[in-house]
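Structure assessment
Letter by letter, the chains look like this.
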Amino acid sequence: MKLGQISFINFASQIASSIFGFLATIYLARTLGAGVLGTYFLVVAIVIWLKVILFGGVQSALTKRLSEGGESGSYVTAGIGLFLGIYAVLLVGLFLARDLVTAYIGQPVALPIAVVLLGSLLLMFVSGALQGQHRVHISGALTPVDTFSRSALQIGVVVLGFGLYGLLAGYALAAAIAGVVGAVFITWTVDLPSRRHLSSLFDYARYSWLGRLSSRTFSSMDTLVLGVFVAPDLIGVYEISWNLASLLAIFSLAIQQTLFPEISSVAEDDEHDRIASLLDDAFAYAGLFLIPGLVGSALIGDFVLRIYGPEFGVGHAVLVILVGSRLAYAYGEQFLNALNGLDRPDLSFRINAVFFVTNITLNVALVSVYGWMGAAVATAVSALVTLVIGYRVLDRFIAVSFPLREVGTQVLAAVPMAAVVGAGRLFLEPSELAAVALVAVGAMTYFAALLLLSGRFRTTVVRNLPTGYGGS
């Protein structure tokens, strides 16, 4: 299967699930309000941070070693052992810190956190193994399984009258369902691992864990800091804005997940020209949705946010900043992805260390003074830091050429979209129908303009149709 088709399948899977999740979140927001959602998002942020800090490096190492080929059974078994061992230690830590967790959240959630982690770790392990076995499209397809299941379960428990704990139970069960489905597609060969296999995973994981941590820092450090300084209802609005920004970044993430096993495999043969070609494609399309999304959020972001309820419209400025930060981070992550594929997690580690310190320092400094606007600015500045440093480091190994012409064409295609959407805003009152209509018309205008202006985009679309030929 062609890389472009794999990226599109991965993207289509994630966009379908995100749209369904978007609709489900609208229902939950309108039913429960920003306050309950804010507390829920805060608990989920803790869960994801624990998951990434303790297990992210192991997952990355498992994907890397499996993508290299050979001794699959030993690495899968070693990965299982590491996941279970770390989880056992984590349970003890949660029990000892249960009072601190309760004081921070305002609810006794230590046991729910442990349950949610268990389901999430199953999905995390399965996804890492599938990506390492070059089944990225299957791993990507687990996202809609998780999101569809989570949305259906959470809507069900809310209808039944359950609040925060019902949402967390739906989160845990949905992740477990997706993990079980994905496990069916893993090539299971169980071999007893040696110390060499464990050491190999550990050597890679000790550097790559900070990459996962930095990715999570980018998406939830602000949430954790806001939990100290800001009321839960504003956290709820902020997280809704962040979810909308993340929706626009799905295609960039799909490209990143698709290219990592390929770069890793090509790097084994020292084919730097091929890696440069793969990166050129990644940069050409990383902002495909984010560039028009940034323009659209500036023009009608408040219209879209009001779909969740009138109280969410206040997040307009925050949404624009977060979409901009997502755009910068989408490009920066491609540099780090290439370094990891080149088996240089040590360099990614150093870049992520700079990002991590920058993000935490700015969040604490700016949130304490400027509230949630400070959190958005801290996120944007940190993303720019990753972009600049990532380029400078990777350029030492590979001649990186950024496709300015293609990206410029995407910016140019957003101009007629801005004209159409801007004109629509002048004549329409804020409403759900107006928001949906303007987003639909804007998207059609953008892609029509891009097809007209970009020969490369037209060629890529044709090549990756089911009846196409060649690869991209």
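Up top is the structure.
Below or above, wherever it landed, is the structure these notes cover. (Residues numbered from 1 in each chain as written. Predicted model: local features only at pLDDT ≥ 70, side-chain atom pairs only at ≥ 80, totals over all residues. Heavy atoms only, no water.)

Glancing now at the packing of helix 8 (residues 232-248) against helix 11 (residues 290-305). Look at helix 8 against helix 11: their axes get within 11 Å of each other, and the N-to-C directions meet at 150°. Accordingly, the angle class assigned to the pair helix 8 and helix 11 is roughly antiparallel. As helix 8 runs across helix 11, the sense of the crossing is right-handed. Contacts between helix 8 and helix 11 pair Ile 240, Ser 241, Leu 244, Ala 245 and Leu 248 from the former with Leu 290, Gly 293, Val 304 and Leu 305 from the latter. In terms of residue class, the contact of helix 8 with helix 11 is made up of 7 nonpolar, 2 polar and no charged. (Axes fitted to C-alpha atoms, helices over the stretch in contact; angles between N-to-C directions. Helix = DSSP H or I, 4+ residues; strand = E, 2+ residues; numbered from the N terminus. Parallel < 35°, antiparallel > 145°, perpendicular 65-115°, else oblique. Left-handed = near helix turned anticlockwise from the far one by under 90°. Contact = heavy atoms within 4.5 Å. Nonpolar A, V, L, I, M, F, W, Y, C, P; charged D, E, K, R; others polar.)

Let us look at the pattern of salt bridges. As enumerated under the stated definition, the model contains 5 salt bridges in all. Across the pair Arg 30 and Glu 432 runs a salt bridge whose closest N-O atoms are separated by 2.3 Å. You can see Arg 30 sitting in helix 1 (residues 3-67) and its partner Glu 432 sitting in helix 16 (residues 432-453), a full 402 residues away along the chain. The class of Arg 30 is partly exposed, set by a relative accessible area of 45%. On the accessibility criterion, Glu 432 (38% relative accessible area) is partly exposed. We note a salt bridge from Arg 456 to Asp 280, for which the minimum N-O separation is 2.7 Å. Placement of the pair is Arg 456 in helix 17 (residues 455-463) and Asp 280 in helix 10 (residues 272-285), with a sequence separation of 176 residues. Assessed through its relative accessible area of 27%, Arg 456 is described here as partly exposed. (Salt bridge = Lys/Arg side-chain N within 4 Å of Asp/Glu carboxyl O. Buried < 20%, exposed > 50% of the residue type's maximum accessible area, 1.4 Å probe, protein only.)

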